[in-house]
Amino acid sequence: MATPTPRCSSTPRILNSSENIAFEEGCLSLPDFTLEVDRARVVHVQYEDLDGETKTVMAEDLLAVAVQHEMDHLEGKLLVDYASSVKKDMYKRKARKRKAAQSL
Ligand SMILES: [Zn+2]
């Protein structure tokens, strides 16, 4: 498997997107939490690179999901924000227990 190339982009904007797919996502910000989220399977994204040049990329499948996930973070939205209130409460309780156990 090839090593992925790091990508740096700012001010990303989705120009076009395809039909949605359901994808089970996790997030490094939310340990032990996964959730199936509907995301566009293909996104055409415009962004600025490190030199301030405007570029575009067509992202498909896992990369498209990752791009949309990271764009959510830029808007202050976390994966848990897609969860039902029941699942959100369950995660909060679990996180409090984990934090309490770590402070022992
Ligand atoms: Zn994340």
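Scoring rules and cut-offs
Residues numbered from 1 in each chain as written. Predicted model: local features only at pLDDT ≥ 70, side-chain atom pairs only at ≥ 80, totals over all residues. Helix = DSSP H or I, 4+ residues; strand = E, 2+ residues; numbered from the N terminus. Rg over C-alpha atoms; globule rule 2.2 N^0.38 Å. Buried ≥ 20, exposed ≤ 12 C-beta atoms within 10 Å, placed from the backbone. Contact = placed C-beta atoms within 7 Å. Expected span 1.5 Å × (residues − 1). Pairing = 2+ DSSP bridges. Axes fitted to C-alpha atoms, helices over the stretch in contact; angles between N-to-C directions. Core = buried A, V, L, I, M, F, W, Y, C linked by C-beta atoms within 7 Å.

1. Side note on the overall build of the chain
Item 1. Assigned secondary structure in the chain consists of two helices and five strands.
Item 2. Counting helices and strands in the order they occur from the N terminus, the chain gives β-β-β-β-β-α-α.
Item 3. Computed over its C-alpha atoms, the radius of gyration of the chain comes to 16 Å, more than 25% above the 13 Å expected for a compact globule of 104 residues.
Item 4. Looking at the chain residue by residue over its 104 residues, the buried ones come to 8%.
Item 5. If you take every contact in the chain between residues at least 6 apart in sequence, the share linking residues at least 24 apart comes to 52%.

2. Digging into unusual backbone geometry
Item 1. Backbone geometry at D32 places phi at a positive 65°, although glycine is not the residue there.
Item 2. Looking at the element boundaries, D32 is found in strand β3 (residues 30–40).
Item 3. The phi angle at D61 is positive, at roughly 50°, despite the residue not being glycine.

3. Some remarks on helix α2 (residues 85–102)
Item 1. Taking 1.5 Å per residue as the helical rise, α2 with its 18 residues ought to reach 26 Å, and the 26 Å between its terminal C-alpha atoms agrees with that figure.
Item 2. Of all 18 residues that make up α2, zero are buried, and the element is exposed over most of its length.

4. Examining the sheet that holds strand β1 (residues 10–17)
Item 1. Strand order in the open sheet made by the three strands is β1-β4-β5, with antiparallel pairing throughout. The sheet is open, and its two borders are formed by β1 and β5 (54–60), each paired with just one other strand. On average, each strand axis in the sheet is inclined to that of its neighbour by 25°, with strand direction left out of account.
Item 2. Most of the contacts of helix α1 (residues 61–74) go to β5, to which it runs at about 125°, and overall it touches β1, β4 (42–48) and β5.

5. Regarding the nonpolar core
Item 1. Within the largest apolar cluster, six residues are counted, these being V43, V45, A59, A64, V65 and V67.
Item 2. Going through the elements one at a time, β4 and α1 are the ones with two or more residues in this core.
Item 3. With three residues, the top contributor of residues to this core is α1.
Item 4. Not counting chain neighbours up to four residues away, the residues in contact with V65 comprise F23, E25 and R39.

6. Here we look at the environment of E60
Item 1. Turning to its location among the elements, E60 is positioned in strand β5.
Item 2. Taking C-alpha positions, E60 is 5.8 Å from R41, a pair spaced 19 residues apart along the chain.
Item 3. Once residues lying within four places of it in the same chain are set aside, the contact partners of E60 are R41 and V42.

Limitation: the analysis is restricted to geometry and does not speak to function.
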